[in-house]
Structures are given as C-alpha cells and as structure tokens.
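Inside the fold
Next come the chains, spelled out residue by residue.
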Amino acid sequence: AQKITQTQPGMFVQEKEAVTLDCTYDTSDQSYGLFWYKQPSSGEMIFLIYQGSYDEQNATEGRYSLNFQKARKSANLVISASQLGDSAMYFCAMREGRGGTSYGKLTFGQGTILTVHP
Amino acid sequence: KAGVTQTPRYLIKTRGQQVTLSCSPISGHRSVSWYQQTPGQGLQFLFEYFSETQRNKGNFPGRFSGRQFSNSRSEMNVSTLELGDSALYLCASSLGGQAGEKLFFGSGTQLSVL
C-alpha cells in the first residue's frame, strides 16, 4: 500500500493566488514527521516545511503552510501568493517512528507538478 | 554555510562498469542518506550512514553500497552497472540525532548507463 499519496499529478495556479497541494499518508506509528520538498528542473530538493505528529499547531514557513489534519491523515501544503519561481515539482514525504533507525529514511509521494501562470 | 555538495553532477557509464558518487554534507551534520530518483519508481531510499556506520538500508541489491568517512563525507558505489541504474542520485544530510530534524538535499548526480 502507498504510504504517501499525492493525487494531483499536475496543478495550475495564477500568479499571486493561493494553491493547495494534497498529501495523504498511511502509518501505524504514533510518532512521525511530514515534510514537503520542492524540486525545480535543476534537480535539487529544497526543504520547504516540516510537521511533527505531536505538533499541535500547523507549521508555517513564510508563504508556505501545512494544513495538518491528523484524524484524516492528511498534510496538505498551502502556498500563498504564488510566484512564477514556484513552478516546480513538489514532494510530500514522511519519516516514521521516533527517529531511532529512521532518522534519514523518508518515504516520498509521487509528486505534483505545479505551474504558475503570469 | 555551504550546503550539501554532490560530485560529479553528471556521469555517463556503460553496462558492467562500476561508479562511485561523492557527497559532502553540511558542516556539523553526521548523517548522510542516499536516494535514487527515476521517472518510473520515484524517489527511493538507498541507505543511511551515521558516524561511519550504516544504520538503515533500503530494498536495493548488494551492487549498491556505500561508506562514510570520519569527516562525515560519504561515497556511494554501484558495481556491475545495469541500464536500469540510470537515475538521479540524491544525498541528504542531517544532524542525525533527533527525530524532528530536517533533511537537506544536494543537487544530485545524474547517472546515465549506456
């Protein structure tokens, strides 16, 4: 079974508008972490935002916020005021467990290609 | 502070050869993880090294191996290359000590096997 599901292969948004990228996850662990990364055409994976399973507040980093709904097992990324430079592939990822042997192991979704139109 | 550095950026090899990729983590980071990215399989975890020891391994054949040096730099080796090994290989570094810490990635090495 897919542990991370991103159901939107591609998304389009007008510059300056907000966009939500969907991510659902599956885990039996109580402690886990959720990440969003951006991958431009250059290939580098750029860290955007992190949410821990015990964090009560939704994470925010500048124009990025994570809409964390634990009961629904969803961790959607919201980008406010989209910019042309936001056009890229976006990946949702999960780290399971309390670290331990899982520190560097992330499970990734298939990604969503975001295109920002002027 | 310098980011994660991967060398070389591009590599072309032929089937049956072996290849070594290098990753220098962010200063102070002791954990280095390696990932393979292909259009068909997406991003898959290869292995993680921490303090020169492999502490986590993905589901890849033994042709894929790695090591970490005392300065935390890591190398990944693929022996007897196959066409299917063509991929972007990404490494990520982190402090390695806490569950909530972030992983920072390099720009990757694009490997083409002919």
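The paragraphs below set out a description of the structure included in this document.

What counts, and where the lines are drawn
Residues numbered from 1 in each chain as written. Chains lettered and ligands numbered in written order. Predicted model: local features only at pLDDT ≥ 70, side-chain atom pairs only at ≥ 80, totals over all residues. Heavy atoms only, no water. Helix = DSSP H or I, 4+ residues; strand = E, 2+ residues; numbered from the N terminus. Rg over C-alpha atoms; globule rule 2.2 N^0.38 Å. Buried < 20%, exposed > 50% of the residue type's maximum accessible area, 1.4 Å probe, protein only. Contact = heavy atoms within 4.5 Å. Areas by Shrake-Rupley, 256 points an atom, 1.4 Å probe, with all protein chains shown as cover. Phe/Tyr/Trp six-rings, centres within 6.5 Å; stacked < 30°, edge-to-face > 60°. Salt bridge = Lys/Arg side-chain N within 4 Å of Asp/Glu carboxyl O. Polar contact = N/O pair within 3.5 Å; in protein donor to acceptor, adjacent residues only side chain to side chain. Nonpolar A, V, L, I, M, F, W, Y, C, P; charged D, E, K, R; others polar. Disulfide = S-S within 2.5 Å. Core = buried A, V, L, I, M, F, W, Y, C linked by side-chain atoms within 4.5 Å.

Another point: the overall build of chain A. Scanning chain A from terminus to terminus reveals 0 helices and 12 strands. Each helix and strand of chain A, ordered N terminal to C terminal, gives the series β-β-β-β-β-β-β-β-β-β-β-β. Against the globule reference of 13 Å for 118 residues, chain A gives a C-alpha radius of gyration of 14 Å, in line with a compact fold. Principal-axis analysis of the C-alpha atoms places the extent of chain A at approximately 45 × 30 × 25 Å. In chain A, buried positions account for 50% of the 118 residues. Contacts in chain A between residues far apart in sequence, at least 24 positions, make up 56% of those at least 6 positions apart. For chain A, the accessible surface area stands at approximately 5600 Å², while carbon and sulfur atoms represent 48% of it.

The next subject is the packing of aromatic side chains. Tallied over the entire structure, the rule returns 15 aromatic pairs over all chains. Relative to Phe47(A), the ring of Phe35(A) lies with its centre 6.5 Å away and its plane at 75°, an arrangement referred to as edge-to-face. Here Phe35(A), found in strand β5 (residues 32-39), pairs with Phe47(A), found in strand β6 (residues 46-52); they are 12 residues apart in sequence, far enough to count as distant. No difference in accessibility class separates Phe35(A) from Phe47(A), as the two residues are buried. Taking 5.6 Å as the distance between ring centres and 55° as the angle between the ring planes, the aromatic pair formed by Tyr35(B) and Phe105(B) counts as tilted.

To continue, consider the interface of chain B and chain A. With 26 residues of chain B in contact, the opposing surface of chain A contributes 23 residues. Scanning the region where chain B abuts chain A turns up 0 salt bridges. At the surface where chain B touches chain A, the tally comes to 4 residue pairs in polar contact (both at pLDDT 80 or more). The set of elements that each furnish at least two residues to the side of chain B that touches chain A consists of β4 (31-38), β5 (42-50), β6 (53-57), β9 (87-94) and β10 (104-105) of chain B. Here the side of chain B that touches chain A takes 4 residues from β5(B), the largest share from any one element. A per-class count over the side of chain B that touches chain A returns 9 nonpolar, 12 polar and 5 charged.

The next point concerns the state of the cysteines. Residue and element names in this part refer to chain A. The full count for this structure, using the stated rule, is 2 disulfides over all chains. Across a sulfur-sulfur distance of 2.0 Å, cysteine 23 and cysteine 92 are joined as a disulfide pair. In this structure the cystine formed by cysteine 23 and cysteine 92 twists about its S-S bond by roughly -65°; its chirality is therefore left-handed. Separated by 69 residues along the polypeptide, cysteine 23 in the loop between β3 (19-21) and β4 (24-25) and cysteine 92 in strand β10 (residues 88-96) bring together distant segments of the chain. Residue classification places cysteine 23 among the buried positions, given a relative accessible area of 0%.

Take the side chain of Gln8(A) next. Residues and elements named next belong to chain A. Position of glutamine 8 among the secondary structure elements: in the loop between β1 (4-5) and β2 (10-14). Within polar-contact distance, the side chain of glutamine 8 engages the backbone nitrogen of aspartate 22 at 2.8 Å. Not counting chain neighbours up to four residues away, the residues in contact with glutamine 8 comprise Thr20, Leu21, Asp22, Gly111 and Thr112.

On to the nonpolar core, then. Judged by nonpolar contacts, the single largest core of 25 residues is most densely connected at Tyr25(A), Trp36(A), Ile49(A), Leu77(A), Tyr90(A) and Leu114(A). Sorting the residues of this core by element identifies β2, β3, β5, β6, β8 (64-69), β9 (74-79), β10 and β12 (112-117) of chain A as the ones contributing at least two each. Top element by residues in this core is β10(A). It accounts for 4 residues. When neighbours within four sequence positions are excluded, Leu77(A) is seen to be in contact with Val19(A), Thr20(A), Leu21(A), Trp36(A), Leu48(A), Ile49(A), Tyr64(A), Ser65(A) and Tyr90(A). Counting residues in hydrophobic clusters, the runner-up holds 21 residues, among them Val4(B), Trp34(B), Tyr49(B) and Met76(B).

Time to look at the environment of Ser53(A). All names here are of chain A. Here serine 53 is to be found in the loop between β6 and β7 (60-61). Note on serine 53: relative accessible area 4%, which makes it buried. A C-alpha to C-alpha distance of 26 Å links serine 53 and alanine 88, two positions 35 residues apart in sequence. Residues within four places of serine 53 in sequence aside, it is in contact with Gln30, Ser31, Tyr32, Phe68 and Lys70. Within the structure, the side chain of serine 53 is placed 3.0 Å from the backbone oxygen of glutamine 30, a separation counted as a polar contact.

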